[in-house]
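Each chain, written out:
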Amino acid sequence: MKHILPSQPGPIGVFDSGYGGLTILSQFREILPQNDFIYLGDNARTPYGTRSFEIVYEFTLQAVTRLFELGCHLVILACNTASAKALRSIQINDLPRLDPDRRVLGVIRPTVECIGDITRSRHVGILATAGTIKSESYVMEIRKLFPEIKVTGQACPMWVPLVEYNEAQSPGADYFVQKYIDELLTRDDQIDTVVLGCTHYPLLLGKIKQYMPEGIHIVSQGELVAHSLRDYLNRHPEMSARCTRGGQCKYFTTEAEEKFADSASAFLKETIQVSHLDLND
Ligand code: DGL
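Residues numbered from 1 in each chain as written. Predicted model: local features only at pLDDT ≥ 70, side-chain atom pairs only at ≥ 80, totals over all residues. Heavy atoms only, no water.

S.K.: How do you make sense of the pattern of salt bridges when you look at a structure like this?
M.R.: When their charged atoms lie close together, side chains carrying opposite charge are able to pair. If you walk through the whole model with that rule in mind, you get 11 salt bridges. Ionic pairing is found between Arg109 and Glu113, a salt bridge with its closest N-O pair at 3.4 Å. Highlighted residues: Arg109 and Glu113, both in helix 5 (residues 108-118), separated by four residues, approximately one helical turn. As a salt-bridge pair, Lys179 and Glu183 come within 3.1 Å of each other at their nearest N and O atoms. Highlighted residues: Lys179 and Glu183, both in helix 9 (residues 171-187), separated by four residues, approximately one helical turn. (Salt bridge = Lys/Arg side-chain N within 4 Å of Asp/Glu carboxyl O. Helix = DSSP H or I, 4+ residues; strand = E, 2+ residues; numbered from the N terminus.)

S.K.: I'm lost on the sheet that holds strand 7 (residues 193-196) in this one. Help?
M.R.: The strands making up a sheet associate through backbone hydrogen bonding, with each pair oriented either parallel or antiparallel. Pairing within the open sheet is parallel, and its four strands lie in the order 6-5-7-8. Strands with a single pairing partner mark the edges of an open sheet, and in this sheet they are strand 6 (150-155) and strand 8 (217-219). If you compare each strand with its neighbour and ignore which way they point, the axes differ by 20° on average. Strand direction decides the pairing type here: strand 5 (residues 123-128) and strand 7, joined by four bridges, are parallel. The residue bridging Gly125 from the neighbouring strand is Val194, located in strand 7. Each of strand 5, strand 6 and strand 7 is contacted by helix 9, which is oriented at about 150° to strand 6, the strand it contacts most. (Pairing = 2+ DSSP bridges. Axes fitted to C-alpha atoms, helices over the stretch in contact; angles between N-to-C directions. Contact = heavy atoms within 4.5 Å.)

S.K.: Explain the site of the ligand to me, please; I cannot follow it from the model alone.
M.R.: Ser17, Tyr48, Gly49, Thr81 and His200 are the nearest of the 14 residues found near the ligand. Taking Thr81, its side chain carries an N or O atom lying 2.6 Å from an oxygen atom of the ligand. Residue His200 places a side-chain N or O atom 2.6 Å away from a nitrogen atom belonging to the ligand. Relative to its free-state accessible area of 290 Å², the ligand is covered by the protein chains to the extent of 99%. Its residues assigned to classes, the shell around the ligand shows five nonpolar, eight polar and one charged. (Near = heavy atom within 4 Å. Polar contact = N/O pair within 3.5 Å; in protein donor to acceptor, adjacent residues only side chain to side chain. Areas by Shrake-Rupley, 256 points an atom, 1.4 Å probe, with all protein chains shown as cover. Nonpolar A, V, L, I, M, F, W, Y, C, P; charged D, E, K, R; others polar.)

S.K.: For this particular structure, what's the right way to read the nonpolar core?
M.R.: Generally speaking, a soluble globular protein has its nonpolar side chains buried in company with each other. Formed by 53 residues in total, the largest nonpolar core has its most connected members in Leu127, Trp159 and Tyr251. In terms of residues, this core owes the most to one element, helix 9, which gives six residues. Beyond its immediate chain neighbours, meaning those up to four positions away, Trp159 contacts Leu127, Phe176, Val177, Tyr180, Ile181, Tyr201, Leu204 and Ile208. Residues Phe15, Val56, Phe68 and Ala86 belong to the second largest nonpolar core, which totals 26 residues. (Core = buried A, V, L, I, M, F, W, Y, C linked by side-chain atoms within 4.5 Å. Buried < 20%, exposed > 50% of the residue type's maximum accessible area, 1.4 Å probe, protein only.)

S.K.: What is the right way to look at the packing of aromatic side chains in this model?
M.R.: In this description, a pair of aromatic rings is defined by centroid distance and the angle of the planes. Overall, the coordinates contain 10 aromatic pairs when judged by the stated rule. With centroids separated by 6.4 Å and ring planes inclined at 45°, the aromatic side chains of Tyr39 and Tyr251 adopt a geometry described as tilted. Here Tyr39, found in strand 2 (residues 37-41), pairs with Tyr251, found in strand 9 (residues 249-253); they are 212 residues apart in sequence, far enough to count as distant. Residue Tyr251 is classed as buried on the basis of its relative accessible area, which comes to 3%. (Phe/Tyr/Trp six-rings, centres within 6.5 Å; stacked < 30°, edge-to-face > 60°.)

All quantities given are derived from atomic positions and should not be read as evidence of function.
See below:
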């Protein structure tokens, strides 16, 4: 840690490897409009989904540390891959050293908590990055809460690049969207609930709905995670008091500012100011 961490209240940090976390941030801003947020996208090093545990952990720790330095007391990993591969290590090994009073939360647990109420067949599919599927985080978390549910995971390695390279609406995207959905449902035809276990995937939702058979419930994380954050702040007034409320959001990217501003503004439907940040220094 280079600097002494600021102790005055600060914004809530929201981190993702790229644009995907914006699908979570937009719900945070809807459900917690008074809170301030800082969004950080590591677009220069995306995708995380194909990287090793060690690298995802290293990159995520750099991002969390920087968000702490920027004044955040609470950071949400709005990225399933980082939640699967880095969250526990950061909570157990790094937080006590960095600042035991700060908190880092992920997106997998709040998603899993809702699944039991949604599936009727008790057969659930998870669409996620190769890293999240390989980590088995969803399988393990679901088993803890709902041991009777059969979970089938399907990696969708082309979906994040489609979003990051602005190809989500292109005709070429159809092939890969249909391919992974078909592969999942071929492996278990009793699935009635499919979790979009990557925060980038709601940006492909139009096409996902087109190829998902009718009657299958698609679980998108934004709203679930936002409600869970609101509950967390209600249950932890000491943390809530350390989160500023001015209704503002600042955006940082490790890539070019204009590129991020163009793509993010199109998704958020508002013009945003973006600052560049280097996580390597
Ligand atoms: N949006 C992220 C997730 O939820 C990461 C995708 C990636 O960088 O591969 O998994």
